[in-house]
Amino acid sequence: MAWFRSSCNVASLAVRRIRSPPGVMYQMEGRIFPSKHRYFHATVCTSKGQPSPVPQSVPLSRLSDSFLDGTSSVYLEELQRAWEADPTSVDESWDIFFRNFTGQPPTASGVSGQTIQESMRLLLLVRAYQVNGHMKANLDPLSLEQREIPAELDPAVNGFAEADLDREFFIGVWRMSGFLSNNRPVQTLRSILTRLEQAYCGSIGYEYMHIDDREKCNWLRERIETPTQLQHNTERRLVILDRLIWSTQFENFLATKMKTAKRFGLEGGETLIPGMKQMFDRAADLGVESIIVGMPHRGRLNVLGNVFRKPLRKIFSEFDKKSKPVEEVGLYTGTGDVKYHLGTSYDRPTRGGKHIHLSLVANPSHLEAVDPVVIGKTRAKQYYSNDVERTRNMGVLIHGDGSFAGQGVVYETLHLSALPNYTTDGTIHVVVNNQVAFTTDPRSGRSSQYCTDAAKALNAPIFHVNGDDMDAVAHVCELAAEWRQTFHSDVVVDIVCYRRFGHNEIDEPFFTQPKMYKVIQKHPSSLEIYKTKLLESGEVTKEDIDRMQKKVDAILNEEFLNSKSYVQNKRDWLSAYWQGFKSPEQLSVIQNTGVNPDVLKAVGKAITVLPDNFKPHKSVKRVYEERARMIETGEGLDWAMGEALAFATLLVEGNHVRLSGQDVERGTFSHRHAMVHDQETGNKYCPLAHVMEDQNEEKFTVSNSSLSEFGVLGFELGYSMENPDALVLWEAQFGDFSNGAQVIFDQFLSSGEAKWLRQSGLVVLLPHGYDGQGPEHSSARLERFLQMSDDDPYVIPEMDPTLRNQIQKCNWQVVNVTTPANYFHVLRRQVHRDFRKPLIVMSPKNLLRYKFCKSNLSEFDDVQGHPGFDKQGTRFKRLIKDQNDHSEVEKGIRRLILCSGKIYYELDEERKRVEVNDIAICRVEQLCPFPYDLIRRELHRYPNAEVVWCQEEPMNMGAYSYIAPRLCTTLKALGRGSMEDIKYVGRVPSAATATGFLQVHQNEQAEILQRAMQPEPVKYPY
């Protein structure tokens, strides 16, 4: 109904006039205080001394749709006609209502003198509680927050006096649920106010009236406005008590045994643990089989021990400074991480007799960075388990109050929730609201009333709850699970609690929050409060509680003793290696990536054909006709065709392929056209989604993303971690923009395997290249990815073709590929090996259509004797030698230029232009890990050549800083010189990545080419 969706504060003067009795003017003071009656607030009323007009009967047909929509009016008119024919044919309450409106005296005691104005004021009062009741709710367990109670919650403001409390009023509205249901609508004002206070102003504050869906609001009203919403039976309360005891005593035990250790305990928010367990149990009852959880460090150990059942002895042993994994042959232990960042997985039995798989994703200290990773992993689980309805796999994110309001990735993640190729059909968000962020008060940490206000943008309901009210916490956690399973959308639980100690246990909170911590020192724990409540109700005895606590203490002490002798034979926090996949310590055989020519032809034809009745744009039609010609002739395959063949061949081999990012369907540079649009109907067609008959519609997924780097890259990383049998790619619109996701690169992608033993084969495509487009459209910051690489620049690893595991021991791969065929092979290489490593690709821009950047189909196949076939077969070429058919030793070559990326083609053209025959140019296609063996081969080939590294980027950027020490190590091993024998040709050091002036760019580029081809030796360093 339009009236119910409008804001209560809009047109306040008109609303006041409706609420106010005639002739009464209200002057509101700056603050609202309770008067002698708990429903009424301090409101000053001034009469104008005018007599009140006598209410007049109004025909129902003239009732305004401002609070009754058309359907309601028709219904009422039908009721009125039935009543006029026979007053006994309608409910007694309706009989009383119609007699009031027609001016007839009531037949019995009941509604007396209710006018249309009073009905409207009563509806406004009810709506005021539904909209703003949370502002009056008892949410702060410390009672420190001073909040102004909205005037709309005062009955006097709505025109009612204390004399009206025992009058009966009609309050029903057609097609409304909960309090406004038209079923037996007559109630006294006192009972109306009592139920409103109980429903909206207790320990739970509900925010849901911003949701523009009647069905959802009615569903919530039915559960919120029922008088018995928080009634739990004794058996259930004893279970909750046991869980709260475990949560509390776990923290107390750690505080006693590990007094000086950082553990980021949950003291002050212990009700989170029973709440999570109730949520998970309820979710399992509703069909959830797997829950993926992401959370910060506060309370993580408690969650690991009490929710995920990580053995307590293992947790306790991690506090031992001498504890470390025992070295085992073939076991990769990595560098590890602190105990409150670790993840785990567990199959947990529920109280309903079911089992639910729980996964806690490892995360860094960067708050909220794990959010999109969890959502991506959840989406992947839904795909691989064929969870089409998305009801069996669910994500749960636990947040802090400061980070939920302050970290932009929270909104980036929320923003993915309803996007077709990113949705998981609902995530449950739980905010552990300490009411302080490290040392920052809420008034300094956010501009909104609540830390959760960002979720309103998604029409997500928000349940604020007093963290000291255990029953209320359990109720909203269960309600959140029910909402998610019913409406398949996000929901937020805001547990308003406190932090009993500082940011960590050795931090001094009195420095910055002295008033708060004076209160906290005297405040009882939530366990003490709940024990008192159950003792007073007689549901449990003191002996029962003592017995439960002693049992928990005994188990904790026993586990602590066992932790002294516990030996970590492996990383217990690792969920599992992927079946059959190798760790960096286990040798993986290098495999070929060429494809049978018949398969290439078949898939090539399949992905170049559009439906007969499909009308693409004429330019796109030409693109597909040209691609069909490439397959037919086997010549001139461009970059987009090489990529499409890689995707298609992986699909027919049974792998999943997913490509996402900004504008990836067409491609930033209009080269891909993976999704074709009918110019007349607007329908879309994706050839790669039809490579095979009856192909699963998600088997190949290409999807434009929201304008987000951090959130979307995190999502794709999580997606890639779920199953190795997939090629998952994220493409930046321009490589320059990838630094918007720097946290994902730094904390997850580059170091995740070392810290958490989690492999990922994610491919990151970063358009890179200097073509005069300015400082923000030239560089993908290649140097940063190389700087984060962990291969030792001073040690040449084992490079034997059959024993080489150099890539396995490196944290990731960085390539700058120059041919469509090599791009094809590097993509297929990601899947055709029994380990996974992230792949960073400096993808081209102007090479996409460059006339010489082409490959023949024979370079993609596995036929011996074809151009791509070497001693081992057809595979990715880490280095492409000079194309002038040089022999194994060329003593007449005076200069060996090593380069990477598109600068090669410019150097080659310049070499031809100036007709130089004594300069060799080799392309380093794989920069990291460094191809020592192939560089050594080329140095042997050109024994008399000076060695030059040539790049487009400034000297302090690009690959130079990474290449130079490794090239020096190779030179020393061959006795060819030192660092001074490595010459540099490129741009001079610069603060900006590139110039913004096209002419300057062209001059710089020309100078690079001239110096590379100059007849005299290149000076060191340049």
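Residues numbered from 1 in each chain as written. Predicted model: local features only at pLDDT ≥ 70, side-chain atom pairs only at ≥ 80, totals over all residues. Heavy atoms only, no water.

**Q** I'd like a rundown of the overall build of the protein, residues and numbers included.
**A** What the protein contains, in helices and strands, is 32 helices and 26 strands. The buried share of the protein, reckoned over its 1022 residues, is 59%. Residue pairs at least 24 apart in sequence account for 79% of intrachain contacts in the protein once pairs closer than 6 positions are excluded. A total accessible area of about 41300 Å² is found for the protein, and carbon and sulfur atoms account for 49% of it. (Helix = DSSP H or I, 4+ residues; strand = E, 2+ residues; numbered from the N terminus. Buried < 20%, exposed > 50% of the residue type's maximum accessible area, 1.4 Å probe, protein only. Contact = heavy atoms within 4.5 Å. Areas by Shrake-Rupley, 256 points an atom, 1.4 Å probe, with all protein chains shown as cover.)

**Q** How would you summarise the side chain of Ser900 if you had to cite specific residues and measurements?
**A** With respect to the helices and strands, the residue Ser900 is situated in the loop between β22 (895-899) and α29 (903-914). Taking the relative accessible area as the measure of exposure, Ser900 reaches 12% and is therefore buried. Among the polar contacts made by the side chain of Ser900, one reaches the main-chain carbonyl oxygen of Val924 at a distance of 2.8 Å. Once you skip the residues sitting within four places of it in the chain, Ser900 turns out to touch Asn816, Val924, Leu927, Trp949 and Cys950. (Polar contact = N/O pair within 3.5 Å; in protein donor to acceptor, adjacent residues only side chain to side chain.)

**Q** Break down the pattern of salt bridges for me, citing the residues and quoting the values.
**A** With the rule as written, the count across this model stands at 52 salt bridges. Ionic pairing is found between Lys533 and Asp471, a salt bridge with its closest N-O pair at 2.7 Å. Residue Lys533 is found in helix α18 (residues 526-537), and its partner Asp471 is found in helix α16 (residues 470-487); the two are separated by 62 residues along the sequence. The exposure class of Asp471 is buried, given its relative accessible area of 1%. Measuring nitrogen to oxygen at the nearest pair gives 2.6 Å for the salt bridge that ties Arg895 to Glu946. You can see Arg895 sitting in strand β22 and its partner Glu946 sitting in strand β25 (residues 946-954), a full 51 residues away along the chain. No difference in accessibility class separates Arg895 from Glu946, as the two residues are buried. (Salt bridge = Lys/Arg side-chain N within 4 Å of Asp/Glu carboxyl O.)

**Q** If you had to explain unusual backbone geometry to someone new, which residues and values would you point to?
**A** Look at the link from Cys928 to Pro929: it is a cis peptide, with omega at -5 degrees. As for its placement among the helices and strands, Pro929 is situated in the loop between β24 (926-928) and α30 (932-941). At Ser670, a position not held by glycine, the phi torsion is positive, near 55 degrees.

**Q** So what's going on with the pairing of strand β5 (residues 204-207)? Residues and values would help.
**A** Burial of β5 is two-sided: the residues Ile204 and Tyr206 facing one way and the residues Gly205 and Glu207 facing the other way are all buried. Here four bridges tie β5 to strand β11 (residues 462-466), and the two strands are oriented antiparallel to one another. Within β11, the position partnered with Glu207 by the bridge is Ile462. (Pairing = 2+ DSSP bridges.)

**Q** Hey, could you go over the sheet that holds strand β18 (residues 763-767) for me, with residue numbers and the actual values?
**A** Strand order in the open sheet made by the seven strands is β16-β13-β17-β18-β20-β19-β24, with mixed pairing throughout. Here the strands that pair on one side only, and so sit at the sheet edges, are β16 (700-704) and β24. Each adjacent strand pair in this sheet contributes to an overall mean axis angle of 20 degrees, direction not counted. Of the strand pairs in this sheet, strand β13 (residues 656-661) and β16 are connected by five bridges, and their pairing is parallel. Bridge pairing in β16 links Ser660 to Ser703. (Axes fitted to C-alpha atoms, helices over the stretch in contact; angles between N-to-C directions.)

**Q** Describe the sheet that holds strand β7 (residues 344-349), listing the residues and the values that go with them.
**A** To summarise the sheet geometry, strands pair through backbone hydrogen bonds and adopt either a parallel or an antiparallel arrangement. Strand order in the open sheet made by the eight strands is β5-β11-β12-β10-β9-β6-β8-β7, with mixed pairing throughout. The sheet is open, and its two borders are formed by β5 and β7, each paired with just one other strand. Taking each pair of neighbouring strands and ignoring which way they run, the sheet shows an average axis angle of 20 degrees. Strand direction decides the pairing type here: strand β10 (residues 427-433) and strand β12 (residues 491-496), joined by six bridges, are parallel. Of the residues in β12, the one forming a bridge with Val430 is Val493.

**Q** Provide a residue-level description of the environment of Ala261, including the pertinent values.
**A** Position of Ala261 relative to the elements: it lies in the loop between α8 (234-257) and α9 (272-285). You can call Ala261 buried: its relative accessible area is 19%. Aside from chain neighbours lying at most four places away, what touches Ala261 is Phe319 and Glu505.

**Q** Quick one: what's the story with a nonpolar patch on the surface, residue by residue and with numbers?
**A** Together, Val599, Val652 and Met692 make up a nonpolar patch on the protein surface, roughly 180 Å² of accessible area in all. Residue Met692 is classed as partly exposed on the basis of its relative accessible area, which comes to 30%. (Patch = residues over 30% accessible without salt bridge, like charges linked within 9 Å, V, L, I, M, F, W, Y side chains within 5 Å.)

**Q** Account for the nonpolar core, naming residues and giving values.
**A** Tyr200, Tyr208, Leu241, Phe280, Ile291, Phe316 and Ile428 are the most contacted members of the largest nonpolar core, which has 93 residues in total. In terms of residue count, the dominant contributor to this core is α16 (eleven residues). Setting aside chain neighbours within four positions, we find Tyr208 in contact with Gln130, Tyr200, Cys217, Leu220, Arg221, Ile224, Glu225 and Pro461. Grouped together as the second largest cluster of nonpolar side chains are 74 residues, Leu397, Ala732, Cys810 and Tyr962 included. (Core = buried A, V, L, I, M, F, W, Y, C linked by side-chain atoms within 4.5 Å.)

**Q** Residues and numbers for helix α20 (residues 597-606), please.
**A** Listed as buried for α20 are Leu600, Val603 and Gly604. Within α20, the buried residues cover an arc of 105 degrees as seen down the axis, which keeps them to one side. The secondary structure elements touched by the buried residues of α20 are α21 (618-633), α22 (639-652) and α28 (820-831). For α20, the N-terminal cap is Asn596; the gap from its side-chain oxygen to the backbone nitrogen of Asp598 is 2.8 Å. (Arc of directions from axis to C-beta.)

**Q** I'd love a proper account of the state of the cysteines, names of residues and values included.
**A** Here the structure, examined in full by the defined rule, presents zero disulfides. With no disulfide of its own, Cys928 has Cys810 as its nearest cysteine by sulfur position, at a separation of 3.6 Å. (Disulfide = S-S within 2.5 Å.)

**Q** Quick rundown of the environment of Trp219? Include the residues and the values.
**A** Here Trp219 lies in helix α7 (residues 214-224). For Trp219, a relative accessible area of 11% gives the class buried. Spatially, the C-alpha atoms of Trp219 and Phe487 are 10.0 Å apart, while their sequence positions differ by 268 residues.

**Q** Lay out the confidence of the model for the protein in plain terms, naming residues and giving numbers.
**A** Per-residue confidence for the protein gives a mean pLDDT of 87, with 86% of residues at or over 70. In the model, residues 1-36 has pLDDT below 50 throughout and makes 86 contacts with residues more than four positions away in sequence or in other chains. Note on residues 42-71: pLDDT is under 50 here. Beyond four places in sequence and across chains, it has 55 contacts. (pLDDT = per-residue confidence, 0-100.)

**Q** Lay out the pairing of β11 in plain terms, naming residues and giving numbers.
**A** By the criterion of burial, β11 is predominantly enclosed, with five of the five residues buried. Residues Ile462, His464 and Asn466 line one face of β11 and the alternating positions Phe463 and Val465 line the opposite face, and both faces are buried. Inspection of the sheet shows β11 paired to β12 by five bridges, in the parallel sense. Opposite Val465, over in β12, you have Ile495 as the bridge partner. One crossover worth recording links β11 to the parallel β12 by way of α16, and it is right-handed. (Right-handed = clockwise from strand over helix to strand, strands pointing away.)

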